[in-house]
2 protein chains.
Amino acid sequence: MASDKQARRPRAETPKGFRDYFGAEVSERKAMLDAIAAVYHRYGFDPLETSAVETVEALGKFLPDVERPNAGVFAWREDEEAASRDGDWLALRYDLTAPLARVAAQYRGDLPSPYRRYAMGPVWRNEKPGPGRFRQFYQCDADTVGSGSVAADAEICAMLADALEEVGIPRGDYVVRVNNRKVLNGVMEVIGLWDPATTGDPFAERRGIVMRAIDKLDRLGEDGVRYLLGDGRHDESGDFARGASLGLAEIQTVLAFLDARRDTNAATLDRLRTIVIASPTGLEGVSELESIARLLAAQGYGPDRIVIDPSVVRGLGYYTGPVFEAELTFEITDDKGRPRQFGSVAGGGRYDDLVKRFTGQSVPATGVSIGVDRLLAALQAKGRMQADTRGPVVVTVMDRDRMADYQMMATELRRAGIRAEVYLGNPKTFGNQLKYADKRKSPVAVIEGADEAARGVVLLKDLALGARIAAAASHEEWKSQPAQTEVARADLVAEVRRLLGTA
Amino acid sequence: MASDKQARRPRAETPKGFRDYFGAEVSERKAMLDAIAAVYHRYGFDPLETSAVETVEALGKFLPDVERPNAGVFAWREDEEAASRDGDWLALRYDLTAPLARVAAQYRGDLPSPYRRYAMGPVWRNEKPGPGRFRQFYQCDADTVGSGSVAADAEICAMLADALEEVGIPRGDYVVRVNNRKVLNGVMEVIGLWDPATTGDPFAERRGIVMRAIDKLDRLGEDGVRYLLGDGRHDESGDFARGASLGLAEIQTVLAFLDARRDTNAATLDRLRTIVIASPTGLEGVSELESIARLLAAQGYGPDRIVIDPSVVRGLGYYTGPVFEAELTFEITDDKGRPRQFGSVAGGGRYDDLVKRFTGQSVPATGVSIGVDRLLAALQAKGRMQADTRGPVVVTVMDRDRMADYQMMATELRRAGIRAEVYLGNPKTFGNQLKYADKRKSPVAVIEGADEAARGVVLLKDLALGARIAAAASHEEWKSQPAQTEVARADLVAEVRRLLGTA
């Protein structure tokens, strides 16, 4: 392979579906994740960083997952000499929950129980790349493993609300909506699609259709959902989506459930209780939601921040109890200029069966995953990015032999905590140096030629001001260059600091 | 595959050669990398995060690399439907330099030039795992692409010194040693193993033997190196290592070069100049080192921090100019209890040909890579870890029905910035709760039973003090439990803060 490729040059390309992150993109994501991590830490959660690579076996590539039936992983067969067993298959993790389940099983004797952990890092999906769809992206998860108490679910919801405020989403601009799979199961029981006493599950497929129909309420409206619950529906393209074949009364029950949200959590819970009155599981679910609402209210998290909302389904099949979703309620304009709500940025819930895959024993767990790219986009839309992405002060090079003096200026500025550097490209044309400073979004350029050096002064060019003048001013004003001032060399640090507004 | 595996449970195992990082391990590495990033930022370097996955073609799997001739990557063939071209091979990056070269070529029209960037993240090596040798580990690099000036090399050395001090290595405990490949090439020219005017390179192999011999000076001593430069040498196991077949005069020249370090940089440079006087390339190298030493001295980086040292070789074949290495000079005891210097924690140099692979044009570049695990081990050895790895204050649960009150205590503590949580396991046995608090390294446990609640007080158990007493005290002293105090409920936050020593 080496020999027949040596002749031509390799292509300098990011692989299809992958991307690189530069400067501010990295800093802004890091600032956001650091802020979230600080909240998680304060809540007693510990960081966990698992290896990016898992055995395909541990990863559970074959977990049923209705939302991503064709989701692939990047996998390869282990070299035989390195493998612990012949032909182990390895793969890149596709989320942070599967590795957590593996860790919880592998270290179950050593970890504290409950085990509260957070994890932040890239995950990989071997999917056909599309516009805005990448095959590597960040996830940010927090989970409590080993607590069956709804207090653990409530805590996750409160922590999520705190995290959103910490990164810069003001109160009133978000709401955490909480539902419970048990209530949903109660509805299924009431409409005859679920029987906890039966072995085998003849209704799994129809239940799936109901779940997906509920999840589409926002998009299809009540009428569309009604068709999907009944005989099925032709979508815009003419394709036929099979329905759940429910009778009229059952359809009414599902729609009543979806419409159960009232002005107060107490009223919503009353309404839900009426709907699932014939299902012990459903009533247990309502009672859990009641406990969650009470715990949260006692800590000051009222329905302006965290609300019981029966329309929350969450796609993943593995949830077994409370489910939650954080929605941003402010408006943005979509591609076509129409106003719409920003929408969901985080979701999660209780999943008591994931560790069981490994150990055979059910381990209660609950957690949340923040959509890192979605939340970053929201902060961008709100102008709430926290990272300082200003470029460095650039010390220009007027006389190549005086490099040591220029370096000393940069050193002095850095010692004062100011980001600074000497231009290290070819200093022949001064214009190139200023173009470079522009590209770096440099706020100030420092200039010292032989004349200035002899007089013990330096010139400071306020590039930020310069840019504003260039955008707004006439040619005459531009020529007068008010953005350039001469200061004593000894005052370099103080004067730069003044220009930066950090005096 | 799914069907015949369904019967048995998956193994909960980290893949061979990979590991997971828990709590303090994650926080301590992050604190160190954050401190380093702050220094790099101050020097004007921008973060870059490339995708973990590269095309094998771009990665340059087949780059010659004398140090890792068998180094493998984790690679797989792209699915055809997702691939941009049939059968692209993808791989996990094995370092952060190859992706930088790809980025510098791919975005050469858009990036500022010079482009200063830093990168921190995992890399992967498909090597046979061994004790302490992992197949995923962190690297931390800073590079300047597009500057041929030795000022760029000097800047990297100064920045490296600053970074080491910032993370907690005191001045005097480290030294950055600087050499130049051109001086080494000059020595090769003088001893007849390199001729810049000849096409083809008949001496490459013997040069490689000389380089490796020089690199082994520390381990083999001058005599061992002398054999390797001459006819070869039997090592302890009896294996024969072929020598470079140099004559006596040539061997003396190489040894004189290795012994050229003097008390001052000026004296070392004079000595080097004498040795390579017959080689224009060698003299150019000495002159570059002189510029670097002068620039650094002018900024206050004297030979106590950065020193010219001819014995620095750096293994990688791609260096073309100045090379540097940061060594920690304090002593630790090795596995056998013998004192030895801690040794190298970072290295780098100038490599002007890496981008050329893609573009055909030489792009000057220089950079440094910090050995993240090595430096962390050094900080550990010096007790200089910066992360706060204390566990949370644990609010115990004495009465399950009063969960909301316990949550409120945790909420109050968190609002005061104190890490706190409510015990969320089964509260039946109180002993389990204290064991849990122990495992979490919790400094304080909060206890409020019905009696305390009625009297408006809480008990604070100083677990840090308790642990010290348990280790040292008699049974009688232990029973008196001085580590437990009763405080008013209203003073919870203030009293906990006092115990934590953050009042």
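Thresholds, definitions, all that
Residues numbered from 1 in each chain as written. Chains lettered and ligands numbered in written order. Predicted model: local features only at pLDDT ≥ 70, side-chain atom pairs only at ≥ 80, totals over all residues. Heavy atoms only, no water. Contact = heavy atoms within 4.5 Å. Buried area = accessible area lost by both parts, 1.4 Å probe. Salt bridge = Lys/Arg side-chain N within 4 Å of Asp/Glu carboxyl O. Polar contact = N/O pair within 3.5 Å; in protein donor to acceptor, adjacent residues only side chain to side chain. Helix = DSSP H or I, 4+ residues; strand = E, 2+ residues; numbered from the N terminus. Nonpolar A, V, L, I, M, F, W, Y, C, P; charged D, E, K, R; others polar. Pairing = 2+ DSSP bridges. Axes fitted to C-alpha atoms, helices over the stretch in contact; angles between N-to-C directions. Parallel < 35°, antiparallel > 145°, perpendicular 65-115°, else oblique. Left-handed = near helix turned anticlockwise from the far one by under 90°. Least-squares fit on C-alpha atoms with pLDDT ≥ 70 in both. Buried < 20%, exposed > 50% of the residue type's maximum accessible area, 1.4 Å probe, protein only. Core = buried A, V, L, I, M, F, W, Y, C linked by side-chain atoms within 4.5 Å.

K.L.:
An account of the interface of chain A and chain B is requested, with residue identities and associated values reported.
P.N.:
At the interface, 107 residues of chain A touch 106 residues of chain B. Interface area for chain A against chain B, summed over the two sides, is near 9100 Å², with a carbon-plus-sulfur share of 54%. A per-residue breakdown of the area chain A buries against chain B is headed by Glu-49, Arg-419 and Leu-424 of chain A, which together make up 8% of the total. Linking chain A with chain B are 16 salt bridges. The salt bridge involving Arg-116 of chain B is made with Glu-421 of chain A; its shortest N-O contact spans 2.7 Å. Counting across the interface, chain A meets chain B through 53 residue pairs in polar contact (both at pLDDT 80 or more). Broken down by element, the residue count for the side of chain A that touches chain B peaks at eight residues, all from helix 2 (residues 23–42) of chain A. Residue composition of the side of chain A that touches chain B, grouped by class: 50 nonpolar, 23 polar and 34 charged. Alignment of strand 2 (residues 46–49) of chain A against strand 1 (residues 21–22) of chain B, held across two bridges, turns out to be antiparallel. Note that in strand 1 of chain B the partner of Glu-49 of chain A across the bridge is Tyr-21 of chain B.

K.L.:
How would you sum up the packing of helix 9 (residues 248–258) of chain B against helix 10 (residues 265–275) of chain B? Please name residues and give values.
P.N.:
All names here are of chain B. At their nearest, the axes of helix 9 and helix 10 sit 10 Å apart, and the two run at 165 degrees to each other. As far as their axial angle goes, helix 10 and helix 9 are roughly antiparallel. Judged by the sense of rotation from one axis to the other, the crossing of helix 9 with helix 10 is left-handed. Taking contact as the criterion, the partners of Thr-253, Ala-256 and Phe-257 in helix 9 are, on helix 10, Arg-271, Leu-272 and Ile-275.

K.L.:
Hey, could you go over the relation of the copies chain A and chain B for me, with residue numbers and the actual values?
P.N.:
Relative to chain B, chain A is turned by 180 degrees and slid 0.0 Å along the rotation axis, the superposed coordinates differing by an RMSD of 0.1 Å. Such a combination of rotation and displacement between the chain copies is what one expects of a two-fold axis. Identified as the residue of chain A closest to the rotation axis by C-alpha distance is Trp-76 of chain A, at 2.9 Å.

K.L.:
Can you tell me about the sheet that holds strand 17 (residues 444–447) of chain A, naming the residues and giving the values?
P.N.:
Where strands meet in a sheet, backbone hydrogen bonds hold them as pairs that are either parallel or antiparallel. Residues and elements named next belong to chain A. Overall, mixed pairing links the five strands, which are arranged 16-15-17-18-19 in an open sheet. Each having just a single partner strand, strand 16 (420–422) and strand 19 (484–488) make up the two edges of the open sheet. Across this sheet, the average inter-strand angle for adjacent strands is 25 degrees, counted without regard to direction. Across three bridges, strand 15 (residues 393–395) lies against strand 16 in parallel orientation. By the bridge assignment, Val-395 is partnered in strand 16 with Val-422. Here helix 14 (residues 403–415) sits on the sheet and contacts strand 15, strand 16, strand 17 and strand 18 (457–462); the angle it forms with strand 16, its principal contact strand, is near 175 degrees.

K.L.:
Go over the side chain of Arg-177 of chain A with me, naming the residues and quoting the values.
P.N.:
All names here are of chain A. Along the chain, the position of Arg-177 falls in strand 8 (residues 174–180). For Arg-177, a relative accessible area of 12% corresponds to the buried category. Among the polar contacts made by the side chain of Arg-177, one reaches the side chain of Asp-309 at a distance of 2.8 Å. Sequence-distant contacts of Arg-177, that is, excluding residues within four places in its chain, are made with Arg-261, Val-307, Asp-309, Ser-311, Val-312, Val-323, Phe-324, Glu-325 and Glu-327.

K.L.:
With reference to specific residues and values, describe unusual backbone geometry.
P.N.:
Comment: phi is negative for the bulk of residues other than glycine, and the bulk of peptide bonds are trans. Between Ser-113 of chain A and Pro-114 of chain A the backbone carries a cis peptide bond, its omega angle lying at 0 degrees. Looking at the element boundaries, Pro-114 of chain A is found in the loop between helix 4 (97–106) and strand 6 (115–124). Residue Ser-245 of chain B is not a glycine yet carries a positive backbone phi of 60 degrees. You can call Ser-245 of chain B partly exposed: its relative accessible area is 47%. Notably, Lys-441 of chain B is not glycine yet its phi reads approximately 55 degrees, a positive angle. Following the sequence through the fold, Lys-441 of chain B ends up in the loop between helix 15 (430–439) and strand 17 (444–447). On the basis of relative accessibility, which here comes to 61%, the residue Lys-441 of chain B falls in the exposed class.

K.L.:
Got a sec to walk through the nonpolar core? Specific residues and values, please.
P.N.:
Core analysis: the largest hydrophobic core is formed by 112 residues, its most contacted members being Ile-36, Tyr-40, Ile-169, Val-176 and Leu-375 of chain A. Residues in contact with Val-176 of chain A, not counting those within four places in the same chain, are Cys-157, Leu-160, Ala-161, Arg-305, Ile-306, Val-307, Phe-324, Glu-325 and Ala-326 of chain A.

K.L.:
Break down the environment of Ser-442 of chain B for me, citing the residues and quoting the values.
P.N.:
Residues and elements named next belong to chain B. Note that Ser-442 resides in the loop between helix 15 and strand 17. Along the chain, Ser-442 and Gly-172 lie 270 residues apart, while their C-alpha atoms are 36 Å from each other. Residues contacting Ser-442, with those up to four places away along its chain left out, are Gly-391, Pro-392, Val-393, Val-394, Ala-437 and Leu-463.

K.L.:
Could you give an account of the pairing of strand 14 (residues 365–371) of chain A, with specific residues and numbers?
P.N.:
All names here are of chain A. Most of strand 14 sits inside the fold, with five of its seven residues counted as buried. Where strand 7 (residues 136–145) meets strand 14, seven bridges bridge the pair, whose relative direction is antiparallel. Opposite Ala-142, over in strand 14, you have Val-368 as the bridge partner. Looking at chain direction, strand 13 (residues 339–350) and strand 14 are connected through five bridges and run antiparallel. Among the inter-strand pairings, Arg-350 is bridged to a residue of strand 14, identified as Thr-366.

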